[in-house]
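Topology and contacts: notes
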Amino acid sequence: ASALYNPIFNARKVTIPGNQLDILWQPTRNDRINLSVSYIKYRNKNFVEPNGLSFNGLSGPYAADWTINGGISHDFQMKSGYIRASVDGHYESKWYADFVHNLGTRQDAYAKINAELIYYSDDGRYNFGLWGRNLTNKVIIAATAAAGIPGPATAYLDAPRTYGVRGGFK
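Residues numbered from 1 in each chain as written. Predicted model: local features only at pLDDT ≥ 70, side-chain atom pairs only at ≥ 80, totals over all residues. Heavy atoms only, no water.

As a further point, take the pattern of salt bridges. Counted by the stated rule, this structure contains seven salt bridges. Among the salt bridges present, the one from arginine 106 reaches aspartate 108, with a minimum N-O distance of 2.7 Å. Between arginine 133 and glutamate 116 there is a salt bridge, with the nearest N and O atoms lying 3.0 Å from each other. Of this pair, arginine 133 sits in strand β10 (residues 126-133) while glutamate 116 sits in strand β9 (residues 110-120); the two residues are 17 residues apart in sequence, bridging distant segments of the chain. On the basis of relative accessibility, which here comes to 22%, the residue glutamate 116 falls in the partly exposed class. One network of salt bridges, with partners in common, ties together Arg32, Asp75 and Arg84. (Salt bridge = Lys/Arg side-chain N within 4 Å of Asp/Glu carboxyl O. Helix = DSSP H or I, 4+ residues; strand = E, 2+ residues; numbered from the N terminus. Buried < 20%, exposed > 50% of the residue type's maximum accessible area, 1.4 Å probe, protein only.)

Dropping the structure here:
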């Protein structure tokens, strides 16, 4: 019954060329550095609806051309256990949350930073510490739904700056 409102069709041709580089380096027993750089160029080549509306040249949903992740951590050795201080970051170039590029579905380029300061016991049985996520407090689209109110799309947002304490045991 909803076929008139929700037609199903496929793109005839889409290309997704790209590459990714991952580096993990441990210069000392207590230091770790990681970097990941990804480039993709997801574009519609032959994507025309049965009614003739063309989406040629548009990028696919949630497909940032550039994604970069990086982090560094250092373990401070104590008489008993160690404290791990770590910071990581995430960058994405702009993207759209749908293949149509509706209003309200564009996510501008953004960067997020997270950090932790965690104590670990020597025997690995317990840990506790402080953490912070999205310390840059960027507004980021987590998901969208077409035809939301007031329309043409509803965006669900990722968590704002959050922080807290944590603990664990085995």
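Okay, the pairing of β10 next. Relative to β10, β9 runs antiparallel, the two sharing six bridges. Counted as the bridge partner of glutamate 116 is tryptophan 131 from β10. Connecting β9 to the antiparallel partner β10 that follows it, the hairpin turn spans five residues, and glycine 124 within it adopts a positive phi of roughly 75°. Taken together, the eight bridges between β10 and strand β13 (residues 162-169) define a ladder with antiparallel strand orientation. (Pairing = 2+ DSSP bridges.)

By the definition in use, this model includes eight aromatic pairs. Here the aromatic rings of phenylalanine 55 and phenylalanine 99 are separated by 5.3 Å at their centres, their planes lie at 80°, and the arrangement is edge-to-face. Of this pair, phenylalanine 55 sits in the loop between β4 (43-46) and β5 (66-77) while phenylalanine 99 sits in the loop between β7 (95-96) and β8 (106-107), and the two are 44 residues apart along the sequence. Among the residues examined, phenylalanine 99 registers a relative accessible area of 30% and is labelled partly exposed. On the basis of an interplanar angle of 45° and a centroid distance of 5.1 Å, the ring pair of tyrosine 62 and tryptophan 95 is categorised as tilted. (Phe/Tyr/Trp six-rings, centres within 6.5 Å; stacked < 30°, edge-to-face > 60°.)

Judged by nonpolar contacts, Ala64, Trp95, Ala97, Tyr110, Ile140 and Ile141 together constitute the single largest core of six residues. Apart from residues no more than four positions distant in its own chain, tyrosine 110 is found in contact with His90, Tyr91, Glu92, Trp95 and Ile140. (Core = buried A, V, L, I, M, F, W, Y, C linked by side-chain atoms within 4.5 Å. Contact = heavy atoms within 4.5 Å.)

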